[in-house]
Amino acid sequence: MSKQDKPNNDRRKLLKHGSLAAGGLAVFAAGYSDTVTNAVKGLTQGSAGVVPKSATRGNALIPEFAINPETGQISPQPGQIVSPSLCLGCWSQCGVRVRVDQEKNQILRIAGNPYHPLATTRPAPM
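Residues numbered from 1 in each chain as written. Predicted model: local features only at pLDDT ≥ 70, side-chain atom pairs only at ≥ 80, totals over all residues. Heavy atoms only, no water.

Trainee: Explanation requested: the pattern of salt bridges in the structure shown.
Mentor: Charged atoms that come close allow side chains of opposite charge to pair. Per the stated rule, a full pass over the model turns up two salt bridges. Glu64 is the partner of Arg97 in a salt bridge, and the nearest nitrogen-oxygen pair spans 2.3 Å. Of this pair, Arg97 sits in strand 4 (residues 95–101) while Glu64 sits in the loop between helix 2 (33–45) and strand 1 (65–67), and the two are 33 residues apart along the sequence. As far as the burial class goes, Arg97 and Glu64 line up, both buried. Notably, a salt bridge pairs Arg109 with Glu64, separated by 4.0 Å at the nearest N-O pair. (Salt bridge = Lys/Arg side-chain N within 4 Å of Asp/Glu carboxyl O. Helix = DSSP H or I, 4+ residues; strand = E, 2+ residues; numbered from the N terminus. Buried < 20%, exposed > 50% of the residue type's maximum accessible area, 1.4 Å probe, protein only.)

Take a look at the structure:
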């Protein structure tokens, strides 16, 4: 058998592997199409195409508490509550603060609790 009579296995492998790679790329692109669209909008228009509420604070939440500069008294935002809780993601059970909208019964933010004994070696004073 001459070299010309043998089937070209290298070419078949190249076509087979190339089609598998193209199919995988197509599935990847389909799965991440929304993410890629938002990333492109974010790069060209800012904030994934959504205009932020504030030019300086973006879409950040309003502060959880207001402090009266004259009296130093702290008052929470109306309709919201901040509750101490624990993160149960591992055995450490770190302290967290959960900010909840009482009207919608929806969690707005979960953040670390600086007053919890596991926050640091020296927790913040109350």
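Trainee: Explain the sheet that holds strand 4 to me, please; I cannot follow it from the model alone.
Mentor: Whenever strands of a sheet pair, they do so through backbone hydrogen bonds, lying parallel or antiparallel. Pairing is antiparallel in the open sheet, where three strands are placed in the order 3-4-5. Edge positions in the open sheet fall to strand 3 (80–86) and strand 5 (106–112), since each of these has one partner strand only. The sheet shows a mean angle of 25 degrees between the axes of neighbouring strands, direction not considered. Both strand 3 and strand 4 contribute to a ladder of seven bridges, which runs antiparallel. When the sheet's bridge partners are listed, Gln80 is paired in strand 4 with Asp101. (Pairing = 2+ DSSP bridges. Axes fitted to C-alpha atoms, helices over the stretch in contact; angles between N-to-C directions.)

Trainee: Just to check I follow, could you spell out the packing of aromatic side chains for this structure?
Mentor: Note on aromatic pairs: each is described by the distance of the centres and the angle between the planes. Evaluated as defined, the whole model comprises one aromatic pair. Relative to Tyr32, the ring of Phe28 lies with its centre 4.8 Å away and its plane at 35 degrees, an arrangement referred to as tilted. Judged by its relative accessible area of 52%, Phe28 falls in the exposed class. For Tyr32, a relative accessible area of 43% corresponds to the partly exposed category. (Phe/Tyr/Trp six-rings, centres within 6.5 Å; stacked < 30°, edge-to-face > 60°.)

Trainee: Explain a nonpolar patch on the surface here, please?
Mentor: Taken together, Leu25, Phe28, Tyr32, Val36 and Val40 make up a surface patch of nonpolar side chains, about 520 Å² in accessible area. Of all elements in the fold, only helix 1 (9–31) and helix 2 reach the threshold of two or more residues within the nonpolar patch. If you trace the backbone, Val36 turns up in helix 2. By relative accessible area, which is 48% here, Val36 ends up partly exposed. (Patch = residues over 30% accessible without salt bridge, like charges linked within 9 Å, V, L, I, M, F, W, Y side chains within 5 Å. Areas by Shrake-Rupley, 256 points an atom, 1.4 Å probe, with all protein chains shown as cover.)

Trainee: Would you mind going over the pairing of strand 5 with me for this structure?
Mentor: The side chains of a regular strand alternate between both faces of the sheet. Pairing analysis gives six bridges linking strand 4 to strand 5, with the strands arranged antiparallel. Counted as the bridge partner of Arg97 is Ala111 from strand 5. The hairpin turn running from strand 4 into strand 5, its antiparallel successor, is four residues long, and Asn105 in that turn takes a positive phi close to 55 degrees.

Trainee: Teacher, can you tell me more about helix 1 here?
Mentor: Each turn of an α-helix holds 3.6 residues, which means side chains three or four residues apart point in the same direction. Compared with an ideal rise of 1.5 Å per residue, which puts 23 residues at 33 Å, helix 1 spans 33 Å between its outermost C-alpha atoms and is within 8% of the ideal. The buried count for helix 1 comes to zero of 23 residues, which makes it a mostly uncovered element. (Expected span 1.5 Å × (residues − 1).)

Trainee: Even after reading the chapter, I still don't get the side chain of Gln77, so can you show me in this structure?
Mentor: With respect to the helices and strands, the residue Gln77 is situated in the loop between strand 2 (74–76) and strand 3. Leaving out residues up to four positions away in the same chain, Gln77 has contacts with Ile62, Pro63, Glu64 and Arg99. (Contact = heavy atoms within 4.5 Å.)

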